[in-house]
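# Analysis of the macromolecular model
Given next are the chains, with one letter for each unit.
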Amino acid sequence: MIKGVNLGNWLVLEKWMGPELFAGTSAEDESHLCSELNEIAKHERFKVHRDSYITDRDFAYLARRGIDLVRIPVPFFIFGGYEPYVGCIEYLDKAFRWAERYKIKILIDLHTVPDSQNGFDNGGIAGVCKWPKNPEHVEFALEVLERLTSRYRDKNTFWGIQPLNEPISQELWDLIDIPNRYPAVDKDYAAGSEPVPTDFLKGFYREAYRRIRAQSDDVTIVFHDGFRIREWVRFFTEPDFRNIVVDTHLYLMMYTMASGDGDLNDYLRYIENEFDGTLREMSRHFPLMVGEWCLNTMSKKDAVLTDNERRDYYRRLAAAQLRAWEHTSGWCYWSYKLQVDAPELDTWDMGKTLELGYLPEDLSDAPVANHP
């Protein structure tokens, strides 16, 4: 069973995970950070961050903790030459060298595309979701996937590639209220933003599969469910798709957003009914992984717990989720680390959850999969 972690905020920036990188600007996302900084400041700031945020020592630490895969979010401009962004392919090359050294597999996750697929800040440009409407942008993403697959196909540590992270559904667009939660800087530019239609996404996934398979027969192709997992039941079938995994992202905060603050029993029931129940059902149709999850609930009730109560609370949430993941072929925690001193965010940080004793000390001892 895969036991992994995301290397978030390394090659794709998220301000809430590392606000110091945005200091001195009004930017809330990577696109506007790159636009606001002058060329010298931009390249220096990005170099310092990328050189220090993830290093060889981090891979060594993860290997000791029983992590056997890292999911690495990468931007569409990874190869450079796309103004005003700063390319970063040399850092992914380093990650493959470190992964080889410590026997860790890599899942490359195309986390952003031009004009975004979700309107999130982690999509690179908050409040904008127009990528599907521009055929040139769609083609650009497909060519990046081809180049990445070709570059790493002979690496023993290259486990998988994910054509697109979190293409947003209508249901989630409405629940989160994207235009208000992630207000666009340029509202005229954001005009026309909308969720990603399922028919478009199916066409993109077919073409991404074809392009990637032309470069490699062996790499696992990981498709995000687009927050609409049941719509894929008759889609990912052989012989049209082989050696694929469907990725679903399951967060306890979704209960809080939909129902308000809950107590421990509310979250445990949610894990059993929504997470375990859905995974059990869907695992009969295609291989699954939980590519993002964490212990954070966004509940204000968590803050009033004593240290001992908090440890018991999160251990029980962790154990329940790890049991639910047994219906899959693996999981990746979001995220490995944050650069922010905010106790309410500790449960997003796998390193801190390990130090605090919320997760098993050796993750290789965590539950194993029943899924083949």
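These notes cover the structure that comes with them. (Residues numbered from 1 in each chain as written. Predicted model: local features only at pLDDT ≥ 70, side-chain atom pairs only at ≥ 80, totals over all residues. Heavy atoms only, no water.)

### Notes on the packing of aromatic side chains
Inspection of the entire model under this criterion finds 42 aromatic pairs. Relative to tyrosine 85, the ring of tyrosine 82 lies with its centre 6.1 Å away and its plane at 45°, an arrangement referred to as tilted. Taking relative accessible area as the criterion, tyrosine 85 reaches 15% and is therefore assigned buried. Here tryptophan 131 and phenylalanine 200 contribute two aromatic rings whose centre-to-centre distance is 5.3 Å and whose plane-to-plane angle is 85°, an arrangement assigned as edge-to-face. Placement of the pair is tryptophan 131 in the loop between strand 3 (105–110) and helix 5 (135–152) and phenylalanine 200 in helix 9 (residues 198–215), with a sequence separation of 69 residues. A relative accessible area of 21% places phenylalanine 200 in the partly exposed class. A connected cluster of aromatic rings, assembled from ring pairs, spans Trp131, Phe200, Phe204, Tyr205, Tyr209, Phe223, Trp232, Phe235, Phe236, Phe241 and Phe286. Sitting over the ring of phenylalanine 79, arginine 147 keeps its end group 3.8 Å from the ring centre. For the cation-ring pair, lysine 337 lies above tyrosine 53, with the distance from its terminal atom to the ring centre recorded as 4.9 Å. (Phe/Tyr/Trp six-rings, centres within 6.5 Å; stacked < 30°, edge-to-face > 60°. Buried < 20%, exposed > 50% of the residue type's maximum accessible area, 1.4 Å probe, protein only. Helix = DSSP H or I, 4+ residues; strand = E, 2+ residues; numbered from the N terminus. Lys NZ or Arg CZ within 6 Å of the ring centre and 35° of its normal.)

### Re the packing of helix 11 (residues 264–282) against helix 12 (residues 307–324)
Interaxial distance between helix 11 and helix 12 falls to 9 Å at its minimum, and their mutual angle equals 10°. When the axis of helix 11 is compared with that of helix 12, the two are roughly parallel. Counting all contacts with helix 11, which are made through Leu264, Tyr267, Leu268, Ile271, Phe275, Asp276 and Leu279, the residues of helix 12 involved are Tyr313, Arg316, Leu317, Ala320, Gln321, Arg323 and Ala324. In the contact of helix 11 with helix 12, the residues fall into 10 nonpolar, one polar and three charged. (Axes fitted to C-alpha atoms, helices over the stretch in contact; angles between N-to-C directions. Parallel < 35°, antiparallel > 145°, perpendicular 65-115°, else oblique. Contact = heavy atoms within 4.5 Å. Nonpolar A, V, L, I, M, F, W, Y, C, P; charged D, E, K, R; others polar.)

### Remarks on empty space enclosed by the protein
In total, this model carries one cavity of 30 Å³ or more according to the counting rule given. Roughly 40 Å³ of internal volume is contained in the largest cavity. Glu30, Ser31, Pro75, Phe76, Phe77, Tyr85, Thr112, Gly123 and Gly124 together form the lining of the largest cavity. Partitioned by chemical class, the residues of the lining of the largest cavity number four nonpolar, four polar and one charged. (1 Å grid on protein atoms, 1.4 Å probe; cavity = no way out; pocket = protein on both sides within 12 Å on 5 of 7 lines; lining within 4 Å. Points joined across faces, edges and corners; volume = space filled by probe spheres on them.)

### Quick word on the packing of helix 5 against helix 9
Two numbers describe a pair of packed helices, the interaxial angle and the distance between the axes. Interaxial distance between helix 5 and helix 9 falls to 9 Å at its minimum, and their mutual angle equals 30°. Here helix 5 is positioned roughly parallel relative to helix 9, judged by the angle of their axes. Read as a crossing pair, helix 5 and helix 9 show a hand that is right-handed. Residues Val138, Glu139, Leu142, Glu143, Leu145, Glu146, Thr149 and Ser150 of helix 5 lie in contact with helix 9, whose contacting residues are Phe200, Phe204, Glu207, Ala208, Arg211, Ile212 and Gln215. When the residues that make up the contact of helix 5 with helix 9 are grouped by side-chain class, the tally is seven nonpolar, three polar and five charged. (Left-handed = near helix turned anticlockwise from the far one by under 90°.)

### Examining the layout of surface pockets
Of the voids in this model, the second largest pocket is the one considered here, and its volume is about 210 Å³. Looking at the second largest pocket, it is lined by 19 residues, and the ones nearest its centre are Ser31, Tyr85, Asp115, Ile125 and Tyr189. Of the residues that constitute the lining of the second largest pocket, the class distribution is 11 nonpolar, six polar and two charged.

Read these as spatial facts, not as claims about activity.
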